[in-house]
Amino acid sequence: MTAADLDAVLVLEALGFSDPWPREAFQEGLDDPAQHYLVVEQGGAVVGCMGTIRLADHRVHALTITIHPDWRRRGLGRRLLAAALQQARDWGARSFTLEVRVGNTAARNFYRTFDAVTLKRLRRYYRDGEDALLLSLPL
Ligand SMILES: CC(C)(COP(=O)(O)OP(=O)(O)OC[C@H]1O[C@@H](n2cnc3c(N)ncnc32)[C@H](O)[C@@H]1OP(=O)(O)O)[C@@H](O)C(=O)NCCC(=O)NCCS
């Protein structure tokens, strides 16, 4: 992802999340050497994005992943997440984590295909009061 992708990424985020990240969050992320952002394109258009951050304890944490609704269930999310996992391995990460809403059945099924395990339930983690699950994906 580059700054030139931001407009398209913000559209994706708004379609994918009830509480999408603001532009500034992505801009700061792109400037932060510990964060890494990927986009997936189809016919020159950005149809998916993913962000990760390297944390102190050799952990990589996924910050966001979304695929345009018209492009879901075509293996693009799998490609993005697989690329992020490979990059975490290349960095020497020992663990890969992320949070998911308990009610996000699609995403929970998606992570299950990567053999995700639940580490803990985070009560009222989101602004609207929904719980999160902290998942770990094997590297
Ligand atoms: C979660 C998300 C990124 C998955 O992206 P995707 O490109 O549709 O996923 P893929 O096509 O790579 O799916 C890979 C596998 O995951 C599982 N899966 C994905 N979406 C699923 C769904 N809606 N229902 C059940 N299983 C699903 C399936 O096993 C699928 O393989 P299959 O299609 O061969 O059955 C996408 O649904 C999305 O953008 N959701 C909105 C944003 C979001 O919730 N992000 C996650 C935040 S934690």
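Criteria and cut-off values
- Residues numbered from 1 in each chain as written.
- Predicted model: local features only at pLDDT ≥ 70, side-chain atom pairs only at ≥ 80, totals over all residues.
- Heavy atoms only, no water.
- Helix = DSSP H or I, 4+ residues; strand = E, 2+ residues; numbered from the N terminus.
- Rg over C-alpha atoms; globule rule 2.2 N^0.38 Å.
- Buried < 20%, exposed > 50% of the residue type's maximum accessible area, 1.4 Å probe, protein only.
- Axes fitted to C-alpha atoms, helices over the stretch in contact; angles between N-to-C directions.
- Parallel < 35°, antiparallel > 145°, perpendicular 65-115°, else oblique.
- Left-handed = near helix turned anticlockwise from the far one by under 90°.
- Contact = heavy atoms within 4.5 Å.
- Nonpolar A, V, L, I, M, F, W, Y, C, P; charged D, E, K, R; others polar.
- Pairing = 2+ DSSP bridges.
- Near = heavy atom within 4 Å.
- Polar contact = N/O pair within 3.5 Å; in protein donor to acceptor, adjacent residues only side chain to side chain.

A. Just the overall build of the protein, in detail. Scanning the protein from terminus to terminus reveals 4 helices and 6 strands. Moving toward the C terminus, one meets the helices and strands of the protein in the order α-α-β-β-β-α-β-α-β-β. The C-alpha atoms of the protein give 14 Å as radius of gyration, which agrees with the globular expectation for 139 residues (14 Å, within 12%). Projecting the C-alpha coordinates of the protein onto the three principal axes gives extents of approximately 40 × 35 × 30 Å. Among the 139 residues that make up the protein, the fraction classed as buried is 39%.

B. Just the packing of helix α1 (residues 6-16) against helix α2 (residues 23-31), in detail. Between α1 and α2, whose axes approach to 10 Å, the crossing angle comes to 125 degrees. It follows from the interaxial angle that α1 and α2 lie oblique. In this structure, α1 meets α2 at a crossing whose hand is right-handed. Facing α1, whose interface residues are Leu6, Asp7, Val9, Leu10 and Glu13, α2 presents Arg23, Phe26, Gln27 and Leu30. Per-class residue counts for the contact of α1 with α2 are 5 nonpolar, 1 polar and 3 charged.

C. Structural detail: the side chain of Thr66. Take Thr66: it is sitting in strand β3 (residues 59-67). For Thr66, a relative accessible area of 4% translates into the label buried. If sequence neighbours within four positions are ignored, Thr66 has contacts with Leu12, Glu13, Gly16, Phe17, Val47, Gly48, Cys49 and Arg72.

D. Up close: the pairing of strand β2 (residues 45-55). Burial within β2 is extensive, with 8 of its 11 residues counted as buried. As defined by bridge partners, strand β1 (residues 35-42) adjoins β2 across 8 bridges and the pair is classed as antiparallel. Along β2, the bridge assignment pairs Val39 with Cys49. Where β1 folds back onto β2 in an antiparallel hairpin, the turn is made up of 2 residues, including Gly43, whose phi is positive at roughly 55 degrees. As defined by bridge partners, β2 adjoins β3 across 8 bridges and the pair is classed as antiparallel. Looking across to β3, one finds that Met50 is bridged to Ile65. The turn joining β2 and β3, which pair antiparallel and follow one another in sequence, is formed by 3 residues; a positive phi near 55 degrees is taken by His58.

E. Main features of the site of the ligand. In the vicinity of the ligand lie 21 residues, with Ile67, Arg73, Gly75, Gly77 and Asn104 positioned nearest. The backbone of Arg73 places a nitrogen or oxygen atom 2.8 Å from an oxygen atom of the ligand. Separating an oxygen atom of the ligand from a backbone N or O atom of Gly75 is a distance of 2.8 Å. Listing elements by their share of the shell around the ligand, those giving two or more residues are β3, α3 (76-91), β4 (95-101) and α4 (105-112). Of the residues that constitute the shell around the ligand, the class distribution is 9 nonpolar, 7 polar and 5 charged.

So yeah, pure geometry; function would need other evidence.
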